[in-house]
Number of protein chains: 2
Amino acid sequence: MKRTKIPQTADGPPVGPAPCDKGATPERRSQRRTFKSFQAEFDFSLKAICTRMLERHRDTIRTQKPHVAVARLMRIIQTTLTLANRKGFHSMSLRDLATESGLSMGALYTYFDTKETLLMMILGEVSSAVSQTLGSPPVHLTDDPAERLHWLLETHVYLTEVMQPWFVFAYMEAKAFPKEGREKATKSELSTESMIADALADGVERGLFSIDDLEMTASLIKPLLQDWYVKRSKYRRRGVSPEQYVQAVTEFVGTAIRCRSDPKAVKSGRSNQRSEPAAAESS
Amino acid sequence: MKRTKIPQTADGPPVGPAPCDKGATPERRSQRRTFKSFQAEFDFSLKAICTRMLERHRDTIRTQKPHVAVARLMRIIQTTLTLANRKGFHSMSLRDLATESGLSMGALYTYFDTKETLLMMILGEVSSAVSQTLGSPPVHLTDDPAERLHWLLETHVYLTEVMQPWFVFAYMEAKAFPKEGREKATKSELSTESMIADALADGVERGLFSIDDLEMTASLIKPLLQDWYVKRSKYRRRGVSPEQYVQAVTEFVGTAIRCRSDPKAVKSGRSNQRSEPAAAESS
DNA sequence: CACGAATGTGAGCGAGCGTTCGTTTTTTAA
DNA sequence: TTAAAAAACGAACGCTCGCTCACATTCGTG
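Now for a description of the structure that goes with this document. All values reported here derive from a predicted model rather than from experimental measurement. Chains are numbered independently. Their residues run from 1 in the order of the written sequence. The lettering of chains begins at A and the numbering of ligands begins at 1, in the order of writing. Totals for whole chains, interfaces and linings use every residue, but because this is a predicted model, local features are given only for residues with pLDDT of at least 70 and side-chain atom pairs only at 80 or more, for both listing and counting.

### Regarding the overall build of chain A
What counts as a helix is a DSSP run of H or I of at least four residues, what counts as a strand is a run of E of at least two, and both are numbered from the N terminus. A count of helical and extended segments in chain A gives 14 helices and zero strands. Reading the helices (α) and strands (β) of chain A from amino to carboxyl end gives α-α-α-α-α-α-α-α-α-α-α-α-α-α. Every C-beta atom is placed from the backbone, and the number of other C-beta atoms within 10 Å of a residue's own sets its class: buried at 20 or more, exposed at 12 or fewer, partly exposed in between. Counting over 283 residues, chain A shows a buried share of 31%. Throughout, a residue-residue contact means that the two C-beta atoms, derived from backbone geometry, are no farther apart than 7 Å. Restricting the contact set of chain A to residue pairs at least 6 apart, pairs at least 24 apart contribute 66%.

### Some words on the environment of A48(B)
All names here are of chain B. For A48, the position within the fold is in helix 3 (residues 46-56). A48 sits in the exposed class, given 12 other C-beta atoms within 10 Å. In sequence terms A48 and G106 are 58 residues apart; their C-alpha atoms lie 25 Å from each other.

### Examining the interface of chain A and chain B
Every contact between the two is made by 25 residues of chain A and, on the other side, 27 residues of chain B. Mapped onto the side of chain A that touches chain B, the elements with two or more residues apiece are helix 11 (214-230) and helix 13 (242-256) of chain A. If one sorts the elements of the side of chain A that touches chain B by residue count, helix 11 of chain A sits on top with seven residues. Partitioning the side of chain A that touches chain B into residue classes produces 11 nonpolar, six polar and eight charged. Just so you know the grouping, Ala, Val, Leu, Ile, Met, Phe, Trp, Tyr, Cys and Pro go in nonpolar, Asp, Glu, Lys and Arg go in charged, and all remaining residues, Gly too, go in polar.

### Some thoughts on the relation of the copies chain A and chain B
Between the two copies, chain A and chain B, the superposition gives an RMSD of 0.0 Å; the rotation angle is 180° and the shift along the axis is 0.1 Å. Between the two chains, the operation in question is that of a two-fold axis. It is A256(A) whose C-alpha, among those of chain A, lies nearest the rotation axis, at 2.1 Å. With an isologous cut-off of 70% or more, the 88% of interface residues of chain A that recur at the interface of chain B puts this contact in the isologous class. A residue counts toward the fit only if its pLDDT is at least 70 in both copies, and the copies are then superposed by least squares on the C-alpha atoms of those residues.

### As for helix 10 (residues 180-205) of chain B
All names here are of chain B. To estimate the expected span of a helix, subtract one from its residue number and multiply by 1.5 Å. If you check helix 10, its first and last C-alpha atoms are 37 Å apart, about what 26 residues at 1.5 Å a residue would give, namely 38 Å. For helix 10, every residue scored as buried is listed here: G181, M195, I196, A197, D198, A199, L200, A201, D202 and G203. Of the surrounding elements, those touching the buried residues of helix 10 are helix 7 (115-134), helix 8 (145-162) and helix 11 (214-230). Looking at the residues trailing helix 10, positive phi occurs at G207, about 75°.

### Quick look at the nonpolar core
Joining buried Ala, Val, Leu, Ile, Met, Phe, Trp, Tyr and Cys residues through C-beta atoms within 7 Å gives a set, and that set is a nonpolar core. Among the nonpolar cores identified, the biggest contains 125 residues, and I122(A), V126(A), V249(A), I122(B), V126(B), L200(B) and V249(B) are the most heavily contacted of them. If sequence neighbours within four positions are ignored, V126(B) has contacts with M163(B), W166(B), F167(B) and A170(B).

### Here we look at the protein's contact with DNA strand C
Throughout this description, a residue near a molecule or strand is one whose C-beta atom, derived from the backbone, lies within 6 Å of it. Around DNA strand C there are 21 residues in total, and S93(A), G106(A), K115(A), Q64(B) and G106(B) lie nearest to it. Breaking the surface near DNA strand C down by element, the ones donating at least two residues are helix 5 (94-101) and helix 6 (105-108) of chain A together with helix 4 (66-87) and helix 6 (105-108) of chain B. Considering each element in turn, the surface near DNA strand C owes the most residues, three residues, to helix 6 of chain B.

### Describing the protein's contact with DNA strand D
Taken together, 21 residues sit near DNA strand D, with Q64(A), G106(A), S93(B), G106(B) and K115(B) positioned nearest. The set of elements that each furnish at least two residues to the surface near DNA strand D consists of helix 4 (66-87) and helix 6 of chain A together with helix 5 (94-101) and helix 6 of chain B. At three residues, helix 6 of chain A tops the list of elements feeding residues into the surface near DNA strand D. Per-class residue counts for the surface near DNA strand D are seven nonpolar, eight polar and six charged.

### So, the packing of helix 4 of chain B against helix 5 of chain B
Residues and elements named next belong to chain B. A fitted line through C-alpha atoms serves as each axis, taken over the contacting stretch for helices, and the angle formed by two N-to-C directions is quoted from 0 to 180°. In contact at an axis separation of 9 Å, helix 4 and helix 5 are set at 125° when each is read in the N-to-C sense. With respect to helix 5, the element helix 4 is oriented oblique. Along this stretch, helix 4 crosses helix 5, giving a crossing that reads as right-handed. Residues R75, I76, T79, T80 and L83 of helix 4 touch helix 5, and the partners they reach there are D96, L97, E100 and S101. The residue makeup of the contact of helix 4 with helix 5, split by class, is three nonpolar, three polar and three charged. Oblique is the label for every angle not falling under 35 degrees (roughly parallel), over 145 degrees (roughly antiparallel), or within 65 to 115 degrees (roughly perpendicular). What makes a crossing left-handed is the near helix being turned counterclockwise from the far one by less than a right angle; a clockwise turn instead makes it right-handed.

### With respect to the environment of M74(B)
All names here are of chain B. Note on placement: M74 falls in helix 4. Using a count of 18 C-beta atoms within 10 Å as the deciding quantity, one classes M74 as partly exposed. Linking M74 and R236, residues 162 residues apart in sequence, is a C-alpha distance of 25 Å.

Structure (structure tokens):
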């Protein structure tokens, strides 16, 4: 596994998330991951994604100079996501795309041979991002189901936050995928669900969770994660931050499965987290 | 934390001296509603909906004889829902629709003047169905938040079960609605959410629920309801009945909001539920 | 049966689609 | 400076789309 270089927009990297867990005190070990630390760990900027895209499609993309190709790709992809999420991929014409992205029709076809290829290129980056992040959970979590579940929810929310338009695109256009792509999407979706189910099963086995129907519960958690990017504008309007959403979902789920683990691991608890004093404890 | 006032559409004053606290036979009163009893109460068969559709569009539909018009409409709508849910409304051509429904191009235009009108007609029936069912909760529920919440979840699931393709259609094509329609959809969505928030607020006030963030919790319940029709095929494959889903969601939510009300109202508990002769699965 | 009214039909219209390719412009390098 | 290579361009092509309308067919009634 290679370490990703971090060309962060702002100045220096805000110090990665204390890489060595064996380090200091236990409280430090489970230091809460933030959206910022996620962004420091992975680079899902448009530029980074388009660079990976170029590498993956060197054979199809006819432009030679990498920095030109990446620059054009960025315009194309950015515009595609915007237009497609507004009116649907099929309703978006390549002429619209050309005009909005400032390229000519011919130039577009330097980057893909078919409109459908463009769709698949985008989908490919989405599923690659999913397996890159959710695919390799930190080993130290394997024996703490509650932490593992929390890590899953958190990672999912943070990932879909950085790549929100991408995920909306994949979600909305899924049914129009040309078979191959649709299966890929379904598989990826089910794999997320089974990761959740795994963590739940583990928790039940250790007597930490109390769940009637494992499969059903995992099914119910999935839409909560999807809602974050599908209805992103609603949450933005209400001023909900990614961290707040993670906490709300964790709490909601944690209570529902009657999670009896270390309260500070799953329940809201963390007082330093609070941005609003909010006594909130109704008695 | 701010208190959200809930501008309800048209609702009786919830405050009051709980008049019919104890009705006739308690068992009868809170007799569990089933999918079957819902179907008996409302007629959302294709025929019934198309009949209403015809009445609502007498001016646009040129066919005179009602029974012919309804029959044709049924074919048109049925086919539209099938095709649109498979490849998207915009990707479905009217030629496809004509062929599949067994009508000619010209005949189609006897029922709508524009492809967009067809879309709006379908959307209209969906939102009409929502307000017809969710809009008028039984009065005897106004003073039992847990029952009211349960009634909302139940009604929503049953409604979207009978009209599943309609709701998928509305959900998936929502972003392509021509403004007017999109606003209608958004409003309807928010109204459902505020009905939920209403019940939650009521429960918190009476000390029955324990909820940190009302608005957020209501937001989290909504996707659970949507998952039922959006991912219907998944649940069908797993053999989950509408009743089972209602129970799973109720239980999940009930625990999450630490509902302390009468257990039989919200918690699963009742194992004899399972012994019931299981609702008949319609085609 | 007859005959006007109501329905049904599908080829044809212009518009817009994805895609191509001969041409022009820009870049590169000697 | 210059010429070959790379990249950008956008009119043109064939096709399908939503939609129309002159005509054919069926229905309802005397």
